[in-house]
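If you want the building blocks of each chain, they are given just below.
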Amino acid sequence: MISYAREDAEEPTVSPPPKADDHIAPAPRVSVQAFCETMETATAVQSAGEDRRLAKAHLKIQMGGMTAAVEAYRSAPTPNVIILEAKERGDILAALDQLASVCDAGTRVVVIGRINDVALYRELIKRGVSDYVIAPVSALDVVRSVCGLFSTPEAKAVGRIIAVVGAKGGVGASTVAHNIAWAIARDLALDSVVADLDLAFGTAGLDFNQDPPQGIADAVFSPDRIDTAFVDRLLSKCTDHLSLLAAPATLDRVYDFGTEAFDSILDTLRATMPCIVLDIPHQWSGWTKRALIGADDILIVATPDLANLRNTKNLIDLLKAARPNDRPPLYCLNQVGVPKRPEISAAEFAKAIESQPVVSIPFEPQMFGSAANNGQMIAEVAPGHRATEMFVQIAQRLTGRGEAKKSRKSFLSPFIEKLRAR
């Protein structure tokens, strides 16, 4: 019996067809070594190593397949994960038997093969293989397989991070972010947290009518203290399903952060909250770029003018290139219909971006102004307004919970419609 770790009650299964919008939990800091037979597989594994969900993993690729793996580990310790490519059935089983004698306890093995056979799966189970993937594989197949080793069905679900950023300052991105979080918590009944990352000028505390004594600054300036209990103490309760990690919004210190400054905070939030909405300030730095690229889904908020169009396109192009295995960022238009202001139409905006906006939120200064001044959400001051429905629609798109529900019609609706037509 091979000595590496496996899930006792599970058997390896063929990975499903890749979907760019699958929610795949990131892998922890693990070492991964791949031994490939073909350049096609090696290229896929290399691309997987560049995916944001394997950003913390240390990946090494060698050619030579299973034979090279057995030779390599005769005199070296095995990593957390070994990826093995094999062409023939006999090669797979024989090499696994040899690997058992040199494999360290705790190592997990993923086999990439070209044989789709139940009997082979059973033999792999006996030898403790963690996953079997049918070749040819894509980068997303490899990402899903490796990340899946560390998120078992019994484990608590890893939270989904949604990043909201403005294409330009003053476009209302924070307002949109806070109302989306409210919709996720209230309408989808999903436990959520808003993390205000604009430490100097953040408005989440004002928008939710909260003034907590502690917040995100206490975490980012005390990285050695960050754990689940510590972060829980920093959260301010807004509703039964919504919490706030507030920004201090003070200028008594300069908020210069390193690229990985928020990593520990976000990792801890992932472990405790199903949904985390990041209110990202409009600035371009190492940590804002890292937060955007590392998010599961991204929403860009723009107003319909030329500068916003340029910035939205630049952001989407960069994020598409940095996240080739994720679905493209979404964007919405905000403050649409300002009187006497020349605007780029939604159709022209979409043509330049090559995708449609999720919604176009109308310019309603009195409604939005009243909500901001009262520390309320739009759903509280105008529950029947179309903007409230738009925030629910965005929330459903970003969380992967389908499109906005259509209003139910009574059985009398067809008759009423006929009468109106007359």
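Residues numbered from 1 in each chain as written. Predicted model: local features only at pLDDT ≥ 70, side-chain atom pairs only at ≥ 80, totals over all residues. Heavy atoms only, no water.

A packed helix pair is summarised by two numbers, namely the angle formed by the two axes and the spacing between the axes. Between helix 12 (residues 306–322) and helix 13 (residues 346–353), the least distance of the axes is 10 Å, while the angle of their chain directions is 35°. The two elements helix 12 and helix 13 cross, and the hand of that crossing is right-handed. For the pair helix 12 and helix 13, the contacting residues are Asn308, Leu309, Thr312, Lys313 and Ile316 in the first and Phe349, Ala352 and Ile353 in the second. Among the residues forming the contact of helix 12 with helix 13, the class breakdown is five nonpolar, two polar and one charged. (Axes fitted to C-alpha atoms, helices over the stretch in contact; angles between N-to-C directions. Helix = DSSP H or I, 4+ residues; strand = E, 2+ residues; numbered from the N terminus. Left-handed = near helix turned anticlockwise from the far one by under 90°. Contact = heavy atoms within 4.5 Å. Nonpolar A, V, L, I, M, F, W, Y, C, P; charged D, E, K, R; others polar.)

Moving on, we get to the environment of Asp141. Counting through the fold element by element, Asp141 comes out in helix 5 (residues 139–148). The spacing of Asp141 and Ala44 is 97 residues in sequence and 8.7 Å in space, taken between C-alpha atoms.

All right, on to helix 13 then. Those residues of helix 13 lying buried are Phe349, Ala350 and Ile353. Projection of helix 13 onto a plane perpendicular to its axis shows the buried side chains occupying an angular sector of 95°, all on one side. Projecting away from the buried face of helix 13 at angles above 90 degrees are the exposed residues Ala347 and Lys351. Looking at the buried side of helix 13, the elements it contacts are strand 11 (297–302), helix 12 and strand 12 (330–336). A positive phi of about 70° marks Glu354, the residue just after helix 13. (Buried < 20%, exposed > 50% of the residue type's maximum accessible area, 1.4 Å probe, protein only. Arc of directions from axis to C-beta.)

Strand order in this open sheet of eight strands is 8-9-7-10-6-11-12-13, and the pairing throughout is mixed. Only two strands of the sheet have a single neighbouring strand rather than two, namely strand 8 (236–237) and strand 13 (360–362). As paired strands, strand 6 (residues 160–166) and strand 11 are joined by five bridges and run parallel to one another. From the neighbouring strand, Val165 faces strand 11, where its bridge partner is Ile300. Across the face of the sheet, helix 10 (residues 263–272) comes into contact with strand 6, strand 7 (192–196), strand 9 (242–245) and strand 10 (275–280) while running at roughly 150° to strand 10. (Pairing = 2+ DSSP bridges.)

What the five strands build is an open sheet, ordered 2-1-3-4-5; its pairing is parallel. Each edge of the sheet is formed by a strand with only one pairing partner; in this case those strands are strand 2 (58–63) and strand 5 (131–134). Taking the axes of each pair of neighbouring strands and ignoring which way they run, one obtains an average angle of 15° across the sheet. Strands strand 1 (31–36), strand 2, strand 3 (81–85) and strand 4 (108–113) of the sheet are contacted by helix 1 (residues 39–49), whose axis makes an angle of about 170° with strand 2. Set on the sheet, helix 2 (residues 65–72) makes contact with strand 1, strand 2, strand 3 and strand 4; between it and strand 1 the angle comes to about 130°.

Right, let's talk about unusual backbone geometry for a bit. A cis amide bond links Ala135 with the next residue in sequence, Pro136, at an omega value of 0°. Within the secondary structure layout, Pro136 lies in the loop between strand 5 and helix 5. The phi torsion at Asn209 lies on the positive side, around 55°, for a residue other than glycine.

The next subject is the pattern of salt bridges. The tally for this structure, following the rule as stated, stands at 19 salt bridges. The residue Asp267 makes a salt bridge to Lys56 at a minimum N-O spacing of 2.1 Å. On the criterion of sequence distance, the pair formed by Asp267 in helix 10 and Lys56 in the loop between helix 1 and strand 2 is long-range, its members being 211 residues apart. In this structure Lys56 comes out as partly exposed when scored by relative accessible area, which is 22%. (Salt bridge = Lys/Arg side-chain N within 4 Å of Asp/Glu carboxyl O.)

Time to look at helix 16 (residues 386–399). In this model helix 16 runs 20 Å from its N-terminal to its C-terminal C-alpha over 14 residues, within 8% of the 20 Å that 1.5 Å per residue would give. Most of helix 16 is tucked away: ten of the 14 residues are buried. Those residues of helix 16 not exposed but buried are Ala387, Thr388, Met390, Phe391, Val392, Ile394, Ala395, Gln396, Leu398 and Thr399. Looking one or two places after helix 16, you find Gly400, whose phi comes out positive at around 75°. (Expected span 1.5 Å × (residues − 1).)

Chain-level pLDDT for the protein chain is 87 on average; 87% of the residues reach the 70-or-more range. Strand 12 holds the highest mean pLDDT among the elements of the protein chain, 98, whereas helix 17 (residues 413–421) holds the lowest, 47. Confidence over residues 1–18 falls short of pLDDT 50; this stretch has 63 contacts with residues more than four positions distant or in other chains. (pLDDT = per-residue confidence, 0-100.)

A few words now on the side chain of Arg127. Within the secondary structure layout, Arg127 lies in the loop between helix 4 (118–126) and strand 5. Among the polar contacts made by the side chain of Arg127, one reaches the side chain of Asp97 at a distance of 2.9 Å. (Polar contact = N/O pair within 3.5 Å; in protein donor to acceptor, adjacent residues only side chain to side chain.)

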